[in-house]
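Summary of structural features
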Amino acid sequence: MYHDALQHLRKGDTILYPSDTIWGLGCDARNEKAVDKLFTLKQRPDNKAFIILISKIEQLSEYVLEVPELAWNLVEFAEKPLTVIYPKGKNLPTNLMGIDGSIAIRLVKDEFCKGLVHKLERAIVSTSANFSGQPSPTKFTDIAPEIVNGVDYVLHNPKGENKNTQPSQIVKLGLGGEFEFIRK
């Protein structure tokens, strides 16, 4: 089911896929050129960072310089999709992180999306499949044709579209236990 998408991701291509929240654009999170392609396709300012998806909680240590203690339980026990902004990312291209070095990461629990990330064995970028500033698409038919035609591969879930049609909640964590909800 994932074979073609994985081939595209491994060679630095971009994909359109049903993420664990809404329809998303993605690429290998460690590929700087692929990340640049997504900025260009979305017509997004390069000072607005992307989210990355991981398939297991242990991957946090691979991409976050210092994981705040609060994060471990918050991420593992979140019932709805939750994106956490961590103070300092690592092992990722600078164009993927915030201007302050922060990184936004979501542990996916949706089986289809989790399977894709797990099989790639590294993080995948997740950004809404729309032009910057436009509404996020909740159905494939909501996606602009220029976006569909602008990616290298379109991956459909054989079981249909995801049932979750809302973007994730976003919380920003500090190393001293402080937190701030960015999007509820």
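Here we summarise the structure given alongside this text. Not measured: the values here are computed from a predicted model.

1. Brief notes about the sheet that holds strand β4 (residues 82–86)
Pairing between sheet strands relies on hydrogen bonds along the backbone, with the strands arranged either parallel or antiparallel. Ordered in space as β7-β1-β2-β6-β3-β5-β4-β8-β9, the 9 strands form an open sheet in which the pairing is mixed. A strand with exactly one partner marks an edge of an open sheet, and here the two such strands are β7 (153–154) and β9 (179–183). Across 4 bridges, the pairing between strand β8 (residues 169–173) and β9 is antiparallel. Looking at the pairing, I170 lines up with R183 of β9. Seen against the sheet, helix α5 (residues 111–120) touches β1 (15–18), β3 (51–54) and β6 (124–128) and runs at an angle of roughly 140 degrees to β1.

2. Concerning the packing of helix α1 (residues 3–10) against α5
Viewed as axis vectors pointing N to C, α1 and α5 meet at an angle of 50 degrees, and their least axial separation amounts to 10 Å. Considering the angle they form, α1 stands oblique to α5. Of the two possible hands of crossing, α1 and α5 adopt the one that is right-handed. Residues A5, L6, L9 and R10 of α1 form the contact with α5, whose participating residues are L116, K119 and L120. Considered class by class, the residues forming the contact of α1 with α5 number 5 nonpolar, no polar and 2 charged.

3. A few points about the pattern of salt bridges
It is possible for side chains bearing opposite charge to pair when their charged atoms get close. Under the definition given, this model contains 7 salt bridges. The closest approach of N and O atoms between E62 and R30, which form a salt bridge, is 2.5 Å. With E62 in helix α3 (residues 60–63) and R30 in the loop between β2 (23–26) and α2 (32–42), this pair connects stretches of sequence that are 32 residues apart. For E62, a relative accessible area of 27% corresponds to the partly exposed category. Judged by its relative accessible area of 31%, R30 is partly exposed. D100 is the salt-bridge partner of K172, the closest N and O atoms lying 4.0 Å from each other. Of the two residues, K172 is situated in strand β8 and D100 in the loop between β4 and β5 (103–107); the sequence distance between them amounts to 72 residues.

Cut-offs used in this document
- Residues numbered from 1 in each chain as written.
- Predicted model: local features only at pLDDT ≥ 70, side-chain atom pairs only at ≥ 80, totals over all residues.
- Heavy atoms only, no water.
- Pairing = 2+ DSSP bridges.
- Helix = DSSP H or I, 4+ residues; strand = E, 2+ residues; numbered from the N terminus.
- Contact = heavy atoms within 4.5 Å.
- Axes fitted to C-alpha atoms, helices over the stretch in contact; angles between N-to-C directions.
- Parallel < 35°, antiparallel > 145°, perpendicular 65-115°, else oblique.
- Left-handed = near helix turned anticlockwise from the far one by under 90°.
- Nonpolar A, V, L, I, M, F, W, Y, C, P; charged D, E, K, R; others polar.
- Salt bridge = Lys/Arg side-chain N within 4 Å of Asp/Glu carboxyl O.
- Buried < 20%, exposed > 50% of the residue type's maximum accessible area, 1.4 Å probe, protein only.

Coordinates in, geometry out; function isn't part of it.
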